[in-house]
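Now for the letters of each chain:
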Amino acid sequence: MLVLERAPQLRVAGAALTIQINAMQMLSALGLDGAVREAGEVIVSGRIDTHRGRSMATLALGEAAARLGQSSVAIHRAALSKILASALPERAIRFDAELVGFEDDGEGVQVRLASGEALRGSALIGADGIHSRVRAALLGEEAPRYAGYTCWRGISALPRPRGAGVVGQLWGPGIRFGFAPIGPEATYWFATQNAARGGEDGGDVRAELRERFEGFASPVAELLEATPVESILRNDIIDRPPASKWVRGRAALLGDAAHAMTPNMGQGACQAIEDAVALAEQLSAAASVEAGLLGYESARVERARRFVNRSWRTGAVVQSSNPLVCGMRNLRAGLSSDASLMAGMMWAWEVDAPQLRAS
Ligand SMILES: Cc1cc2nc3c(=O)[nH]c(=O)nc-3n(C[C@H](O)[C@H](O)[C@H](O)COP(=O)(O)OP(=O)(O)OC[C@H]3O[C@@H](n4cnc5c(N)ncnc54)[C@H](O)[C@@H]3O)c2cc1C
């Protein structure tokens, strides 16, 4: 197996993400869950407040962890990439290797790199993100769909603002702030606001964010204050409507290339991890590469579709600026019992983790 990565090296900067229970179960099948827990922060509870700081819902996650045998973990992206890369054989990743085209001749796939080099393999897995070249070749060129809000992310030096493993979100009209400790020394945060597509920040993004989030309760200002300006990222939130075909012949899509979703459920990378494990399972059991890829597609398409659709719908509600929708949203959050919140997550978290370790 060869991983072709166009970047010159493994990611060292960037923000963080949550690896939820379902993906932790997959990582446990690969023997990597312990390393992820150690490098990140186990999430023990979450709270949703209004932007002024009135608590609307809290959720303790101990019961889910006890029932499912795993906890969700917040981790820096660079730390996760390092753990995943270190599980591969030496020289399995080739950096500075940008795929620019490929041909499937029925017996194998020939890949062309930007350098002009050609490589041959028995299958091509396009895990090349939301702007995937492999997807464009399989399904046609199509622009991603803009969700109507933009997102800033950063890593703050303010540790554990509400305690170890406690994550939080503060919801205002058309504007939201969320945070998760990623260890004893740093906290990941994200901030979303409804905006026209393609907006840009002026000189001092942190000062602009302080203004945008003025009136938000603690710990928003404190987290922003302790964030190095140069580490703040901004992305418009985009996804792709679900596709039912991810495979053609010996080429297949995986991760955002297959099912890019808005980040409202924090499941994009988790679903990519589920894809990878399902793909390995199906390929090792199938009589041919083509059959293995089709088995992977049918094992995964429907579940991924649910995440794309639910993430989109969740975003439409939590990011709404309509006072009526915001009122209903807050009322609903406030009336939710632990049991109903938990039930809403269980379908996402309950998965059968295959026994891959020995294979
Ligand atoms: C604001 C925000 C918050 C998020 N939070 C979470 C979260 O908490 N939990 C979660 O699970 N998910 C989260 N996600 C989603 C998550 O980031 C993505 O789903 C995940 O990164 C997808 O992984 P991927 O490997 O499919 O694609 P990518 O991460 O985009 O990786 C694609 C890789 O392919 C390489 N590449 C691209 N084109 C080529 C080419 N032609 N040749 C060679 N290499 C190429 C790129 O350099 C890159 O390394 C979030 C997303 C956003 C925007």
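What counts, and where the lines are drawn
- Residues numbered from 1 in each chain as written.
- Predicted model: local features only at pLDDT ≥ 70, side-chain atom pairs only at ≥ 80, totals over all residues.
- Heavy atoms only, no water.
- UniProt positions renumbered as here; feature names shortened; annotations may be inferred.
- Helix = DSSP H or I, 4+ residues; strand = E, 2+ residues; numbered from the N terminus.
- Near = heavy atom within 4 Å.
- Polar contact = N/O pair within 3.5 Å; in protein donor to acceptor, adjacent residues only side chain to side chain.
- Areas by Shrake-Rupley, 256 points an atom, 1.4 Å probe, with all protein chains shown as cover.
- Buried < 20%, exposed > 50% of the residue type's maximum accessible area, 1.4 Å probe, protein only.
- Contact = heavy atoms within 4.5 Å.
- Pairing = 2+ DSSP bridges.
- Axes fitted to C-alpha atoms, helices over the stretch in contact; angles between N-to-C directions.
- Left-handed = near helix turned anticlockwise from the far one by under 90°.
- Nonpolar A, V, L, I, M, F, W, Y, C, P; charged D, E, K, R; others polar.
- Salt bridge = Lys/Arg side-chain N within 4 Å of Asp/Glu carboxyl O.
- Disulfide = S-S within 2.5 Å.
- Domains from an automatic or database assignment.
- Buried area = accessible area lost by both parts, 1.4 Å probe.
- 1 Å grid on protein atoms, 1.4 Å probe; cavity = no way out; pocket = protein on both sides within 12 Å on 5 of 7 lines; lining within 4 Å.
- Points joined across faces, edges and corners; volume = space filled by probe spheres on them.

1. A word on the UniProt feature "domain: FAD-binding" (unreviewed entry) in the protein chain
Then step 1. Annotation from UniProt places "domain: FAD-binding" (unreviewed entry) at residues 2-311.
Then step 2. Span residues 2-311 is 32% helix and 29% strand, its end C-alpha atoms 32 Å apart.

2. Re the site of the ligand
Then step 1. Around the ligand sit 24 residues, and of these E5, T18, R77, D256 and A269 come closest.
Then step 2. Contact between the ligand and T18: an oxygen atom at 2.9 Å from a main-chain N or O atom of the residue.
Then step 3. Contact with the protein chains removes 79% of the 1,000 Å² of surface that the ligand exposes when unbound.
Then step 4. Only β2 (16-19), β12 (145-156) and α9 (268-285) provide two or more residues apiece to the shell around the ligand.
Then step 5. Sorting elements by how many residues they give to the shell around the ligand places α9 first, with 3 residues.

3. Examining the environment of S122
Then step 1. In this fold, S122 is placed in the loop between β10 (118-121) and β11 (124-126).
Then step 2. Here S122 falls in the partly exposed class, since its relative accessible area comes to 45%.
Then step 3. Remark: the alpha-carbon pair of S122 and A66, spanning 56 residues in sequence, is separated by 42 Å.
Then step 4. In contact with S122, not counting residues within four places along its chain, are G108, V109, R250 and V289.

4. Notes on the sheet that holds strand β17 (residues 247-248)
Then step 1. As summarised here, the arrangement of the 3 strands in space is β11-β18-β17, forming an open sheet in which the pairing is mixed. Each edge of the open sheet is held by one strand with a lone partner, namely β11 and β17.
Then step 2. Looking at chain direction, β11 and strand β18 (residues 251-253) are connected through 3 bridges and run parallel. Paired with I125 across the two strands is A252, which belongs to β18.
Then step 3. Where helix α10 (residues 289-318) meets the sheet, its contacts fall on β11, β17 and β18, and the angle it forms with β18 comes to roughly 20°.

5. Overview of the packing of helix α1 (residues 21-29) against α9
Then step 1. The interhelical angle for the contact between α1 and α9, taken along N-to-C directions, is 35°, at an axis separation of 9 Å. Helix-helix and strand crossings are classified by hand; for α1 and α9 the assignment is left-handed. Along its contact with α1, which presents N22, A23, M26 and L27, the element α9 presents C270, Q271, I273, E274 and V277.
Then step 2. Residue composition of the contact of α1 with α9, grouped by class: 6 nonpolar, 2 polar and 1 charged.

6. Quick notes on the pattern of salt bridges
Then step 1. Summed over the entire model, instances satisfying the criterion amount to 19 salt bridges.
Then step 2. Taking the shortest distance from any N to any O, the salt bridge between D49 and R47 comes out at 2.9 Å.
Then step 3. Between E103 and R112 there is a salt bridge, and its shortest N-O distance comes to 3.0 Å.
Then step 4. The network of salt bridges with shared partners includes E274, D275, R300 and R303.

7. Some thoughts on the state of the cysteines
Then step 1. Across all of its chains, the model carries 0 disulfides by this definition.
Then step 2. For C270, which is in no disulfide, the shortest distance to another cysteine sulfur is to C151 and amounts to 16 Å.
Then step 3. The thiol sulfur of C326 is not disulfide-bonded, and the nearest other cysteine sulfur, from C151, lies at 18 Å.

8. Some details on the domain arrangement of the protein chain
Then step 1. Each assigned domain of the protein chain is listed here: domain 1 (46-69 + 147-238) and domain 2 (98-144 + 241-321).
Then step 2. Between domain 1 and domain 2, the C-alpha centre-to-centre distance is 29 Å.
Then step 3. Between domain 1 and domain 2, the contact holds 14 residues from the first and 13 residues from the second.
Then step 4. Between domain 1 and domain 2, roughly 1,000 Å² of surface is buried when both sides are summed, and carbon and sulfur atoms account for 55% of that area.

9. Structural notes on the side chain of S311
Then step 1. By the secondary structure assignment, S311 is in helix α10.
Then step 2. Take S311: its relative accessible area is 0%, and that puts it in the buried class.

10. Digging into empty space enclosed by the protein
Then step 1. Within this structure, the stated rule accounts for 1 cavity of 30 Å³ or more.
Then step 2. Space inside the largest cavity adds up to approximately 30 Å³.
Then step 3. Taken together, P242, A243, W246, H259, V301, A304, R305 and V308 make up the lining of the largest cavity.
Then step 4. Tallying contributions element by element places α10 first for the lining of the largest cavity, with 4 residues.
Then step 5. The class makeup of the residues in the lining of the largest cavity is 6 nonpolar, 1 polar and 1 charged.

11. Re the pairing of β12
Then step 1. Counting buried positions over the 12 residues of β12 gives 10, a clear majority of the element.
Then step 2. Here β12 pairs with strand β16 (residues 233-239) via 6 bridges, running antiparallel. Looking across to β16, one finds that T150 is bridged to D236.

12. Thoughts on unusual backbone geometry
Then step 1. Each neighbour pair has its own omega, and for S218 with P219 the value is 15°, a cis peptide bond.
Then step 2. Among the structural elements, P219 can be located in the loop between α6 (205-212) and α7 (220-225).
Then step 3. Positive phi, close to 60°, is recorded for R91, a residue that is not glycine.
Then step 4. Take R91: it is sitting in the loop between α4 (77-86) and β7 (93-94).
Then step 5. Even without being a glycine, R160 presents a positive backbone phi close to 40°.
Then step 6. Checked against the element boundaries, R160 lands in the loop between β12 and β13 (166-172).
Then step 7. For R160, a relative accessible area of 30% puts it in the partly exposed group.

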